[in-house]
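# Structural features, examined
In case you want the letters, here they are:
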Amino acid sequence: MFEKRVKIKKNEELGPGYFRMELDCPEIAAAGAPGQFVMVRVTEALSPLLRRPFSISDVDAGGSIALLIRVVGEGTRILSEKKAGESVDVLGPLGKGFDIGGLSGPALLVGGGIGAAPLIFLARRLAEKGVPGRVLLGGRTAADILCAPVFESLGMEAETATEDGSLGRKGLVTELLAQALTPGASAFTVFSCGPEGMLKAVAGMCRRSGAACQLSLEAAMACGMGACLGCATPRSGGGYLHVCTDGPVVSASLWPAG
Amino acid sequence: MTDPASDSPAPDLSVRVGGLLLKNPVLTASGTFGYGIEFAPFMDLSALGGIVVKGLSLTPSPGNPPPRVVETPCGMLNAIGLENVGVEAFLAEKLPKLAGVGTPVIANIYGKTVEDYSALAERLEGEPGVAALEVNISCPNVKAGGVAFGVDPSAAAQVIAKVRTRTKKPLIAKLSPNVTSIALIARAVEGAGADAVSLINTITGMAVDLATRRPVLANVTGGLSGPAIKPVGLRMVWEAARAVKIPVIGIGGIVTARDALEYLLVGAAAVQVGTANFVDPAAAFKVLTGIEGFCRENNIRAIRDFIGSLEV
Ligand SMILES: Cc1cc2nc3c(=O)[nH]c(=O)nc-3n(C[C@H](O)[C@H](O)[C@H](O)COP(=O)(O)OP(=O)(O)OC[C@H]3O[C@@H](n4cnc5c(N)ncnc54)[C@H](O)[C@@H]3O)c2cc1C
Ligand SMILES: Cc1cc2nc3c(=O)[nH]c(=O)nc-3n(C[C@H](O)[C@H](O)[C@H](O)COP(=O)(O)O)c2cc1C
Ligand code: FES
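Anyway, here's the lowdown on the structure attached to this text. (Residues numbered from 1 in each chain as written. Chains lettered and ligands numbered in written order. Predicted model: local features only at pLDDT ≥ 70, side-chain atom pairs only at ≥ 80, totals over all residues. Heavy atoms only, no water.)

### Here we look at the site of ligand 1
Residue and element names in this part refer to chain A. Lining the immediate environment of ligand 1, one finds 18 residues, of which Pro53, Leu68, Gly75, Thr76 and Glu218 sit closest. In the model, a nitrogen atom of ligand 1 is placed 2.7 Å from a nitrogen or oxygen of the Leu68 main chain. The contact in question runs from a nitrogen atom of ligand 1 to an N or O atom on the side chain of Glu218, over 2.4 Å. The fraction of the free accessible surface of ligand 1 (880 Å²) that becomes covered by protein chains is 69%. For the shell around ligand 1, the elements supplying multiple residues, two or more each, are β4 (52-55), β6 (64-70) and α2 (74-80). Looking at which element gives the most residues to the shell around ligand 1, the answer is β4, with four residues. Across the shell around ligand 1, the residue classes break down as ten nonpolar, four polar and four charged. (Near = heavy atom within 4 Å. Polar contact = N/O pair within 3.5 Å; in protein donor to acceptor, adjacent residues only side chain to side chain. Areas by Shrake-Rupley, 256 points an atom, 1.4 Å probe, with all protein chains shown as cover. Helix = DSSP H or I, 4+ residues; strand = E, 2+ residues; numbered from the N terminus. Nonpolar A, V, L, I, M, F, W, Y, C, P; charged D, E, K, R; others polar.)

What follows is the structure in C-alpha cells.
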C-alpha cells in the first residue's frame, strides 16, 4: 500500500462529464490488480476533506495508472479541472479485486456507465492470460458508453445498449445479459460494475442461470483501508461486508441480490 | 526523532497522563485508527505517544445499516453504531498483533449498562498488553445506551465508579460534547475516580438530501468530527482543564501540529488525532514531528512547560 504525491500525466475529457486521468505512479501500476481502487485527495485544503475512491481503470508498462472519472459533485469537478503537470496525492492499491485465478470458461464483462472503469484493466489482464471474453456496456445515452473501442483493441467483442437507443440496442444492458445467459451458458463467469440497481439485476440473473458472478460494489467511504468501518453494505445471511476490505469486488453470493 | 543537523538538544516531549508516562503527547483517537496495525505501512507506530483502539463491547456488534458516513463542510458525520469484533476476538486476534508495538495500547470500551462496563474492565484487567482503559460514555449513536451516561453527571459518575472498582489500570473517561456544562461532567467523573478525561467525542448532527427529502444517514443523526469541530473542542478542553485537577486529553479536528499545539496551549496534557487519519494515514506522525519542530523553533525544552500556558 502506497501513499504518494504523483504527477498527472494527462487529463482528457472523454465526453460531457467524463474524464480520463493518467497518473505517474509506478508502485501502484506494479502492485495493483483489476478491481482494486485508489483514494485520491482532491485538494490540500480542508474542503472537500475526505479522499475520493476511484477504480484503477488501467495500467501501462510505463508505470502509469489511469482513472476514469465521472463528474458528480465538488470533488470530481476539482479533479476534472486539474491539468497535466499538476500533482495529486493517491493512496493504494486498496481492496480486493476480481478473482481471475481459476477461471474455467470465458468471461462476460457487464458495465453500466462509469462502471466500465475497472473492467478495462480486467480485460487487459484476461487478454494477457489468454482468457476469451465479451463485454456488454450500458448507459442512458451514447455519451455514457465508455471506451468500447478499448475493449475491442484488447480482443473483446463489445455490445452496447442505451436507454434512448442512441447507440446499440435500445434498452438496458441486462437485456443483453439475458440473451447471453441462454441455457448452457453457465460456463461463463460474469464480472460486473455499475449502479446498484443494475448490479442487483445482474446478480439475480446469474443466480437463476447458475453463472458465477463477481460484482464491484460501491459505498460511501471515509478511509478506504478498513479503519473507519463506514463502508458497510449488507451481507447475505446477516451482518455487513466492508466494501473497502471485503470488496469492492465480492462474489454475488455474498451480496443479497434483488 | 532527533535531527542530526540541529545542534540544539531534542525537546523533551514526554507527558504524564493519569499514571501513564507517554513519550510524547500524540495519540490516535478511537474508531479512527482501526485496531492500529492497519497504519503500520505509513509510519513507525512506536513513535506515537499511544494508540487508542476501536471501541470494544462485550460481544461483537454488527453496527448500523448504511449509509454510515457522509462528508460535511470541513468535516464528516458518522453513525457506525460502534461496530466491533467484541472483546474476546480483540484479545485473541487483534491485540497480539500489537505486541511489541513499542507504544501504549489503550482499550476504548462501551456498554449499554453499568454491568457491561464493569465486565469489560474486569476482562481486560489481567491483559498486560492493555496499558489503560478509555471509557466511552459519550457515543451518541447507540440508542439503548451510551448517551444516557455521558450527559448526566450522576450516571457518568456511576459508570466510572463501578469501572474503578474493577481496574487498577489508568482510567480515562471519554466525555461527550453534547452537554450544557462540560465542567460538571468532568468534575463528576474526577470524583468517581477517573485518572484523566478525554474530550471531545463527536457532536450530534444531521444531513438531509433535498432531492429525496430523506436523511442521508440511515441512522438519521450522526456524530460530527473533523476540522469543523475544533473550536468547540478547544473551548470544552479549556473549560474542563480549569474545572478538574486530573489531566485532560484534547480531541477534535486536529489535522496539523498547530491544531495539536492549540489544544496543549489551552491545557490539554495530550491530544488524539481522529478524522485526519482518514485524510492522511501518516497524519499523527506528522503532527508529532511538527510539535517537535515548534519546540525547537521556540526554544521550548520540555513540552510540559508549554501545556496550559494560555494567557487569558
Ligand atoms: C470502490 C469505489 C470505486 C469507484 N470508482 C469510481 C470510478 O472509477 N470512477 C468514478 O467516476 N467514480 C468512482 N466511484 C465513485 C466516486 O468515488 C464518487 O463519485 C465520488 O467520490 C464523488 O465525489 P464528489 O465530491 O464529486 O461528489 P459528492 O459531492 O461527494 O457527491 C455528489 C453526489 O454524488 C453522489 N455520490 C457520492 N459518492 C458516490 C458514490 N460512491 N457512488 C455514487 N454516487 C455517489 C452523492 O450522493 C451526491 O449526490 C467509486 C466509488 C467507490 C466506492
Ligand atoms: C468513524 C468514526 C468512528 C468513531 N468511533 C469511536 C469509538 O468507537 N469510540 C469512541 O470513543 N469514539 C469514536 N469516535 C470519536 C473519535 O474518537 C473522536 O472523539 C472524534 O472523532 C473527534 O475527533 P476528530 O475531529 O479528530 O475526528 C469515532 C469517530 C469517527 C469519525
Ligand atoms: S472506508 Fe473506512 S473502513 Fe471501509
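So that's the structure; there's more coming.
### A word on the pattern of salt bridges
Taken as a whole and assessed by the stated rule, the structure comprises 25 salt bridges over all chains. Residue Glu81 of chain A pairs with Arg77 of chain A through a salt bridge whose shortest N-O separation is 3.0 Å. We classify Arg77 of chain A as partly exposed; its relative accessible area is 31%. The shortest N-O distance in the salt bridge between Glu239 of chain B and Arg235 of chain B comes to 3.1 Å. Residue Glu239 of chain B and its partner Arg235 of chain B are both found in helix α6 (residues 230-243); the two are separated by four residues, about one turn of the helix. Residue class for Arg235 of chain B comes out partly exposed when judged on its relative accessible area of 35%. Here the salt bridges do not stand alone but share partners, grouping Glu3, Arg51 and Asp89 of chain A into one network. (Salt bridge = Lys/Arg side-chain N within 4 Å of Asp/Glu carboxyl O. Buried < 20%, exposed > 50% of the residue type's maximum accessible area, 1.4 Å probe, protein only.)

### So, the nonpolar core
Residues Val190 of chain A together with Leu175, Leu199 and Ile291 of chain B are the most contacted members of the largest nonpolar core, which totals 144 residues. Among residues more than four places away in sequence, those in contact with Leu199 of chain B are Leu175, Ile182, Met236, Val237, Ala240, Val248, Ile249, Gly250 and Ile251 of chain B. Counting 26 residues, the second largest nonpolar core, distinct from the first, contains Tyr18, Val135, Leu154 and Val249 of chain A. (Core = buried A, V, L, I, M, F, W, Y, C linked by side-chain atoms within 4.5 Å. Contact = heavy atoms within 4.5 Å.)

### Here we look at the packing of helix α7 (residues 257-265) of chain B against helix α9 (residues 283-297) of chain B
Residue and element names in this part refer to chain B. In contact at an axis separation of 8 Å, α7 and α9 are set at 65° when each is read in the N-to-C sense. Relative to α9, α7 is oriented roughly perpendicular. Considering the relative orientation of α7 and α9, their crossing is right-handed. Contact with α7, carried on its side by Ala257, Ala260, Leu261 and Leu264, involves Val287, Gly290, Ile291 and Phe294 of α9 and no other residues of that element. Residues of the contact of α7 with α9, tallied by class, amount to seven nonpolar, one polar and no charged. (Axes fitted to C-alpha atoms, helices over the stretch in contact; angles between N-to-C directions. Parallel < 35°, antiparallel > 145°, perpendicular 65-115°, else oblique. Left-handed = near helix turned anticlockwise from the far one by under 90°.)

### Overview of the interface of chain A and chain B
Facing the 27 residues of chain A at the interface are 28 residues of chain B. Carbon and sulfur atoms make up 68% of the area that chain A and chain B hide from each other, which totals about 2300 Å². Contact with chain B buries area across many residues of chain A, yet Leu49, Leu229 and Tyr240 of chain A alone supply 25% of it, more than any other trio. Our count for the contact surface shared by chain A and chain B stands at one salt bridge. A salt bridge links Arg52 of chain A to Glu71 of chain B, with the shortest nitrogen-to-oxygen separation between them at 2.8 Å. The interface formed by chain A and chain B holds six residue pairs in polar contact (both at pLDDT 80 or more) in total. Listed by contribution, the elements that provide at least two residues to the side of chain A that touches chain B are β1 (2-15), β14 (232-234) and β15 (240-242) of chain A. (Buried area = accessible area lost by both parts, 1.4 Å probe.)

### Some thoughts on helix α6 (residues 196-209) of chain A
Residue and element names in this part refer to chain A. Helix length check: α6 (14 residues) gives 20 Å between terminal C-alpha atoms against 20 Å at 1.5 Å per residue, within 8%. Within α6, burial applies to Met198, Leu199, Val202, Ala203, Gly204, Met205 and Cys206. Buried residues along α6 sit against β8 (107-112), α5 (173-180), β12 (189-193) and β13 (212-216). Looking one or two residues beyond α6, the residue adopting positive phi is Gly210, at roughly 80°. (Expected span 1.5 Å × (residues − 1).)

### A word on unusual backbone geometry
Of the consecutive residues Pro66 of chain B and Pro67 of chain B, the connecting peptide bond is found in the cis state with omega at -5°. In this structure, the amide linkage connecting Leu199 of chain B to the following residue, Ile200 of chain B, adopts the cis form with an omega of 15°. Its place among the elements puts Ile200 of chain B in the loop between β10 (196-199) and β11 (203-206). We note that Cys147 of chain A has phi near 65°; this positive angle belongs to a residue other than glycine. Relative to the assigned elements, Cys147 of chain A resides in the loop between β9 (133-139) and α4 (148-153). Here Val220 of chain B, not a glycine, exhibits a phi torsion of approximately 70°, which is positive.

### Here's the deal with helix α4 (residues 153-166) of chain B
For α4 of chain B, spanning 14 residues, the distance from its first C-alpha to its last is 20 Å, which sits close to the expected 20 Å at 1.5 Å a residue. All of the buried residues along α4 of chain B are Ala155, Ala156, Ala157, Val159, Ile160 and Val163 of chain B.

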